[in-house]
Every structure is written in C-alpha cells, then in structure tokens.
Amino acid sequence: MLISEPEFGAHIGKYGNVLYLCHRNADPDAIGSAFALQQAFGGTLAAVDDLSRTGEALADAIGAAVEINPRAEDYDLVVVVDTSVRMQLGDFHLASYAVVDHHLDKGLLEDAKFYIQKPSKSAAEIVWTILKESGRRASREMALGLLVGMISDTGRFRRASPEAFRTAAELLDAGGLDYEEALQALSLPADIPQRIAILKAAARAKVDRQRDWLIATTVINSFEGSAAMALVDLGADVAFAAGKHFNLCRVSARASREAARRGLNLAEILREIARAHGGEGGGHRAAAAMEARGEPGSLLEECKIKVAESLP
Ligand SMILES: [Mn+2]
C-alpha cells in the first residue's frame, strides 16, 4: 500500500519492534536516512553485509550504531531504506516489511505492508518530509546525516532540484550545521586498492562510437560502480564495468547527464538484461547496476547493443 509522508507515523506506530535496514555496501544516503527514522520513531538500525567507506565515515560522524546482518525473525517489521531490489539485500529474508525509497524499481513494493517511494534525488529528502509532517524534531546528528546523504546522492548538488536546495537549507538550520562540516564527512581520499582498480579499469576499457555517442566497457572485479563513474568523468557518454563474483556477474553502469536527458534509461536496460539471465537489476536512469549469471564479456556486449538501440 502506497502511503504519504504524514501517514508514516501512524503506520509505524502499529509495530512494536522495528528494524531500519540499509542495503549492502550502505552509502551515506541509506545510513543518514535510516538513522534519522530510527532516532525519530525508535527501533534498531542495521545494514546488510557492510558499509561503504563514506557510509562508515558518516556513521562515525553521527554516532550511529549500525548492526550488520541482523536476524529478520527478531523484528515485527523491517523498514527497508534507500533500497529497491532484493539483490541489494543479499541473503536477508524479508517477511513483514515496509519500504522508504527514491528509486524507479517496483520489485519490493507489491509485498510491502506499506511503502513510500517517489522519484526524489535522495531518500534523505523523503525522510526529512516524514519528520516534518510528523512533527518530530531533528537532532544535530540527524540533520547532519540527512544532509550528507543528500550531498552524496546529488553528486554534491550537481543533480539537485530546487526542492533539494530548499531541503538542504532547512537541514542546515534545523541542525545548526556548517555546510563545510557536512562536506568534510564525505571528503575521504580514495584508498589505494580503489585507485588501482579504477586505473586498471580505465587501461582495459574498450570504447565504441555510436554516431556521436561514446560507450565504454571494461572488466574489473571490484569497485565496478566507481570504475564506471570514472569512465564517464573521463569522457564516455555511457560506461559499463563488469566483474565476476563467485558464480554471478555484477555490472555497474553510469551515463552522462546528456545521455539520460536524451532518453537513455540504464535502470530499465539492466533490469531487462538481468531478468533474461536469472538475475536482478535496477537503479536510476543515469546510474544502475545488475547481478546475473553469465560471463562479463557477453553481458557487456548485450549492454552495448541495448544502449546503441535506445540512444537517438
Ligand atoms: Mn539513495
């Protein structure tokens, strides 16, 4: 059941023991959003498998205690935050659950007790509306977590909407925060393994030209998302990075703003390809990921063909 932000409090109030759960490799938007909800409405904060480096840094900065791989059976309700497909939850078994999310995928909605999902630039903006509409006050830490989540998901406001700027201003006020302090929580130098992976991905990249579009593909067995993002920063319109993880292949994709504006939808493309190979995929128009059975080379080939078809 789709609910609106002011209804969240009444729905969550029906459950005694609530878990706020972040996706695997939990990023600042997931951590900041789940933390604020947990602080405002009570319950436990957790993530599947691990936190991203910036997610970890934010958790430290706001003093969030994040449990890793909790047991679903211990809770009456699991609120899945910033998560839209099951693959992001690994082996965690969802039974009684709700969703608060800003992605385009519908996969988790049908079986949810209730959900709020809308195409906002960050989950943090939705959570801030929930807090305001429920008359909950945000502590300094809650406001900082939400603001850092927004900064991270909007690419430091490069992809921000007017609404996002308004929300950011409200969060600065509510928490008595310095913008610089919020930026600091995100400015970690990439570690050496990540930089090596990205440089290798760039060195191995193949570039195909489709009319005036450049599509880059590469194989790297870690940091696929960062590698794809780096290839777009280097000049590709669309980039795919694939890696083998046990018997599954993970593909991350990024696109330039222009490619997304001209109709490219990476979430749709990866969802389709993943489905054809017994996997799952999704995300946003310009940033998406999938996991499925298959070899990196042949899956990348399919990605390339679909992109070429959907670009003007
Ligand atoms: Mn997010």
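Calculation notes
- Residues numbered from 1 in each chain as written.
- Predicted model: local features only at pLDDT ≥ 70, side-chain atom pairs only at ≥ 80, totals over all residues.
- Helix = DSSP H or I, 4+ residues; strand = E, 2+ residues; numbered from the N terminus.
- Rg over C-alpha atoms; globule rule 2.2 N^0.38 Å.
- Buried ≥ 20, exposed ≤ 12 C-beta atoms within 10 Å, placed from the backbone.
- Domains from an automatic or database assignment.
- Contact = placed C-beta atoms within 7 Å.
- Nonpolar A, V, L, I, M, F, W, Y, C, P; charged D, E, K, R; others polar.
- Pairing = 2+ DSSP bridges.
- Axes fitted to C-alpha atoms, helices over the stretch in contact; angles between N-to-C directions.
- Right-handed = clockwise from strand over helix to strand, strands pointing away.

1. Concerning the overall build of the protein
A count of helical and extended segments in the protein gives 12 helices and 12 strands. By the compact-globule yardstick of 20 Å for 312 residues, the protein fits well, its C-alpha radius of gyration being 19 Å. Considering only C-alpha atoms, the protein reaches an extent of 55 × 40 × 35 Å along its principal axes. For the protein, the residues scored as buried account for 51% of the 312 residues in total.

2. Observations concerning the domain arrangement of the protein
Taken domain by domain, the protein holds domain 1 (5-184) and domain 2 (193-310). A straight line from the C-alpha centre of domain 1 to that of domain 2 covers 26 Å. Counting residues at the interface gives 8 residues for domain 1, matched by 6 residues for domain 2. Split into classes, the residues belonging to the side of domain 1 that touches domain 2 amount to 3 nonpolar, 3 polar and 2 charged.

3. Thoughts on the sheet that holds strand β10 (residues 248-255)
Pairing is mixed in the open sheet, where 6 strands are placed in the order β7-β8-β9-β10-β12-β11. Each having just a single partner strand, β7 (206-210) and β11 (280-283) make up the two edges of the open sheet. Averaged over all pairs of adjacent strands, the angle between strand axes in this sheet comes to 15°, irrespective of strand direction. Two strands pair when backbone bridges link them, and β11 and strand β12 (residues 287-293) are joined in this way by 4 bridges, in the antiparallel orientation. Note that in β12 the partner of G283 across the bridge is A288. Packing against the sheet, helix α9 (residues 224-234) makes contact with β8 (213-219), β9 (238-245), β10 and β12, and its axis sits at approximately 30° to β10.

4. Topic: the pairing of strand β2 (residues 44-47)
The pairing of strand β1 (residues 18-22) with β2 spans 4 bridges and is parallel. By the bridge assignment, L21 is partnered in β2 with A46. Each parallel crossover has a hand, and for β1 linked through helix α2 (residues 28-41) to β2 it is right-handed. Pairing of β2 with strand β3 (residues 67-68), which is carried by 2 bridges, proceeds in the parallel orientation. Across the sheet, the residue bridging to A46 is E67, located in β3. A crossover connection joins β2 to the parallel β3 through helix α3 (residues 53-62); in handedness this β-α-β unit is right-handed.

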